[in-house]
Amino acid sequence: MTQSATFLLDRLRRAGIDDVIAVEPATGGLAALAGIATRRDAPPVFVKAFADAPDDDVFAAEAEGLAALRELGGVATPEVVLVDRELLVLSVLRPRPHSEAFWEQFAHALAHLHLSTTHPRFGWHRDNWLGRRRQRNTWNDDGFAFFAEHRLLRWLGQPRVDAALDAGDRAALQRLCHRLPDLLPDRPACLTHGDLWAQNVLATPDGQPALIDPAVSYMWAEVDLAHVWSTVPPPEAQRFFAVYAELTGLDAGWPDRMPIIQLRQHLAVLAQLDNDWGAADLIRATLAPFRTRT
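Residues numbered from 1 in each chain as written. Predicted model: local features only at pLDDT ≥ 70, side-chain atom pairs only at ≥ 80, totals over all residues. Heavy atoms only, no water.

J.: I keep staring at the pattern of salt bridges and nothing clicks. Help me out?
T.: Side chains carrying opposite charge are able to pair once their charged atoms draw close together. Under the definition given, this model contains 22 salt bridges. Arginine 14 serves as the salt-bridge partner of glutamate 86, at 2.5 Å between the closest nitrogen and oxygen. Here glutamate 86 is found in the loop between strand 4 (80-83) and strand 5 (88-91), whereas its partner arginine 14 is found in helix 1 (residues 3-14), with 72 residues between them in sequence. Judged by its relative accessible area of 52%, arginine 14 is exposed. Between aspartate 166 and arginine 291 there is a salt bridge whose closest N-O contact spans 3.1 Å. (Salt bridge = Lys/Arg side-chain N within 4 Å of Asp/Glu carboxyl O. Helix = DSSP H or I, 4+ residues; strand = E, 2+ residues; numbered from the N terminus. Buried < 20%, exposed > 50% of the residue type's maximum accessible area, 1.4 Å probe, protein only.)

J.: I'm lost on the packing of helix 10 (residues 254-272) against helix 11 (residues 279-287) in this one. Help?
T.: Geometrically, a packed helix pair is captured by the angle between its two axes and the distance between the axes. It is at 9 Å that the axes of helix 10 and helix 11 come closest, and there the two elements cross at 145°. Viewed along their axes, helix 10 and helix 11 form a crossing whose handedness is left-handed. Residues Pro259, Ile260, Leu263, His266, Leu267, Val269 and Leu270 of helix 10 form the contact with helix 11, whose own contacting residues are Ala279, Ala280, Leu282, Ile283, Thr286 and Leu287. For the contact of helix 10 with helix 11, the class distribution of residues is eleven nonpolar, two polar and no charged. (Axes fitted to C-alpha atoms, helices over the stretch in contact; angles between N-to-C directions. Left-handed = near helix turned anticlockwise from the far one by under 90°. Contact = heavy atoms within 4.5 Å. Nonpolar A, V, L, I, M, F, W, Y, C, P; charged D, E, K, R; others polar.)

J.: Hey, could you run me through the side chain of arginine 264 in this one?
T.: Structurally, the position occupied by arginine 264 is in helix 10. No salt bridge is formed by the buried arginine 264. Its closest oppositely charged neighbour is aspartate 195, at 5.7 Å. A polar contact of 3.3 Å, which involves the side chain of arginine 264, links it to the side chain of glutamine 135. A polar atom in the side chain of arginine 264 sits 2.8 Å from the backbone oxygen of glycine 194. (Lys, Arg positive; Asp, Glu negative; His and termini not counted. Polar contact = N/O pair within 3.5 Å; in protein donor to acceptor, adjacent residues only side chain to side chain.)

J.: Please explain the sheet that holds strand 3 (residues 45-49) as it appears in this structure.
T.: Whether parallel or antiparallel, the strands of a sheet pair through hydrogen bonds between backbone atoms. The five strands lie next to each other as 1-2-3-5-4, forming an open sheet whose pairing is antiparallel. Of all strands in the sheet, those bounded by a partner on one side alone are strand 1 (20-25) and strand 4. Geometrically, the sheet is characterised by an average inter-axis angle of 25° between neighbouring strands, direction not taken into account. Sheet contacts for helix 1: strand 1, strand 2 (33-39), strand 3 and strand 5; angle to strand 1, the most-contacted strand, approximately 135°. This element, helix 2 (residues 58-73), spans strand 3, strand 4 and strand 5 of the sheet and lies at about 160° to strand 4. (Pairing = 2+ DSSP bridges.)

J.: What exactly am I supposed to notice about the packing of helix 4 (residues 143-152) against helix 10 here?
T.: In contact at an axis separation of 10 Å, helix 4 and helix 10 are set at 25° when each is read in the N-to-C sense. Comparing the axis directions of helix 4 and helix 10 gives the class roughly parallel. Contacts from Phe147, Arg151 and Leu152 of helix 4 reach helix 10 at Ile260, Ile261, Leu263, Arg264 and Leu267. Per-class residue counts for the contact of helix 4 with helix 10 are six nonpolar, no polar and two charged. (Parallel < 35°, antiparallel > 145°, perpendicular 65-115°, else oblique.)

J.: Is there a simple way to explain helix 1 in this structure?
T.: Helical geometry note: an α-helix holds 3.6 residues per turn, so side chains three or four residues apart project in the same direction. The terminal C-alpha atoms of helix 1, which comprises twelve residues, lie 17 Å apart, in line with the 16 Å expected from a rise of 1.5 Å per residue. Looking at helix 1, one finds that the buried residues are Ala5, Phe7, Leu8, Leu9, Arg11 and Leu12. Phi turns positive one or two residues past the end of helix 1, at glycine 16, with a value near 95°. (Expected span 1.5 Å × (residues − 1).)

Below, the structure is given as structure tokens:
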């Protein structure tokens, strides 16, 4: 058994789940250790834990986010089997099918989530987590101010961000934030998943779209759309964008906004990972027009 599997097995036993036969490590996650635990007396479960948890409320916030997506937005999520400060145990989902029909179903599910959960304010009733960093969700009536302060500028001062971006880049980010009302449409807040890259889209046992690893808040719907758009979705996902745009009444210029909105995720990746997947280059490219005063 690998070191990560042994660690997860120990965490399960400490939590009182003592009928585990084996743990198979799972791939795809970037923050926590994860695996599938085969049990003697119950169905298998998905388990995740941190070797050094950033705080005691990480998994409680994630479980709450899963419940919010399911109960408020009608999106399928895994069942929470157990949650404590060390461990999150969920029902097992399936890999998503490689089909256009699945992504079209997902477009309907995401559009329903966004259209049915509009909210008068931006934020959430508590802070939660994006990877290993706290996501700040202090309420604000102004979406532009909220996005600037809590989704963009909050990453300045992080060591990896300051090392990768020079003074001109950081000044450009400040200018971009000042101009957000001119660059983006004034849209209402709605419940968003908050970390919606393709790896977080799975399927229920009967093949319906299901979501994992949320960082929920009431924010612009395009925060979720930008994440799917910008993280190399598979070819069969192309129909998703057309269906979602039709269902939500998106204007034809929405793809042009995606790099600006996705800055928040690129900054989060840059702040947390030694291998930033090209995030620093993408940030600099998006900021380039704002490096000089206009």
